[in-house]
Amino acid sequence: MADNSSNDAYWSANLRIIVISLIIWAIVSFGFGILLRPMLSGIAVGGTDLGFWFAQQGSIIVFLILIFNYAFRMNKLDREHGVDEE
């Protein structure tokens, strides 16, 4: 029975990481790039406004950061639960 609770804890932590990552991704790509673009248009970044920057480059950079963060956190979680690949 202890093994089942460990599996539940592992998948609960895994789903929490995924949900938080998806929320951040949605806020940055959809929120900053589309919905909040008019509010961010007055802030200049690299010769253009911040809303355009988020829509074109910022969301991609945040997405890459999320990928590396997910890999790091999942490796740590795998080690904690004894399911790592090494």
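Just so we're clear, the structure is a prediction, and the values are computed from it rather than from any experiment.

(A) Here's a closer look at the nonpolar core. Grouped together as the largest cluster of nonpolar side chains are five residues: Tyr10, Ala13, Ile17, Met74 and Leu77. Those elements that provide at least two residues to this core are α1 (2–35) and α3 (50–81). Per-element tally for this core: the top contributor is α1, with three residues. Once you skip the residues sitting within four places of it in the chain, Tyr10 turns out to touch Met74, Leu77, Asp78, His81 and Val83.

(B) A look at the side chain of Ser21. Mapping Ser21 onto the fold places it in helix α1. Here Ile17 takes part through its backbone oxygen, which lies 2.9 Å from a polar atom of the side chain of Ser21.

(C) Structural detail: the packing of aromatic side chains. On inspection of all chains with the given rule, the structure shows one aromatic pair. Taking 5.3 Å as the distance between ring centres and 85° as the angle between the ring planes, the aromatic pair formed by Tyr10 and Trp11 counts as edge-to-face. In this structure Tyr10 comes out as buried when scored by relative accessible area, which is 14%.

(D) Layout of α3. Taken as a whole, α3 carries its principal kink of about 50° at Gln57. Listing the buried residues of α3 in full gives Leu50, Gly51, Phe54, Gly58, Ser59, Leu66, Met74, Leu77 and Asp78. Looking at where α3 begins, the residue whose side-chain oxygen comes 3.0 Å from the main-chain nitrogen of Phe52 is Asp49. Of the residues flanking the end of α3, it is Gly82, one or two places downstream, whose phi is positive at about 70°.

(E) Highlighting the confidence of the model for the chain. Per-residue pLDDT for the chain averages 86, and the proportion of residues at 70 or more is 98%. Per-element averaging of pLDDT across the chain places helix α2 (residues 37–40) at the bottom with 80 and α3 at the top with 89.

(F) Geometry of a nonpolar patch on the surface. Where nonpolar side chains cluster on the molecular surface, the patch consists of Leu15, Ile18, Leu22, Trp25, Ile60, Phe63, Leu64, Ile67, Phe68 and Tyr70 and spans about 960 Å² of accessible area. Within the residue set of the nonpolar patch, elements represented by two or more residues are α1 and α3. Residue contributions to the nonpolar patch peak at six residues, all from α3. Among the secondary structure elements, Leu64 is positioned in helix α3. Assessed through its relative accessible area of 43%, Leu64 is described here as partly exposed.

Procedures and definitions
- Residues numbered from 1 in each chain as written.
- Predicted model: local features only at pLDDT ≥ 70, side-chain atom pairs only at ≥ 80, totals over all residues.
- Heavy atoms only, no water.
- Core = buried A, V, L, I, M, F, W, Y, C linked by side-chain atoms within 4.5 Å.
- Buried < 20%, exposed > 50% of the residue type's maximum accessible area, 1.4 Å probe, protein only.
- Helix = DSSP H or I, 4+ residues; strand = E, 2+ residues; numbered from the N terminus.
- Contact = heavy atoms within 4.5 Å.
- Polar contact = N/O pair within 3.5 Å; in protein donor to acceptor, adjacent residues only side chain to side chain.
- Phe/Tyr/Trp six-rings, centres within 6.5 Å; stacked < 30°, edge-to-face > 60°.
- Bend = angle between axes of the 7 residues up to and from the residue.
- pLDDT = per-residue confidence, 0-100.
- Patch = residues over 30% accessible without salt bridge, like charges linked within 9 Å, V, L, I, M, F, W, Y side chains within 5 Å.
- Areas by Shrake-Rupley, 256 points an atom, 1.4 Å probe, with all protein chains shown as cover.
- Salt bridge = Lys/Arg side-chain N within 4 Å of Asp/Glu carboxyl O.

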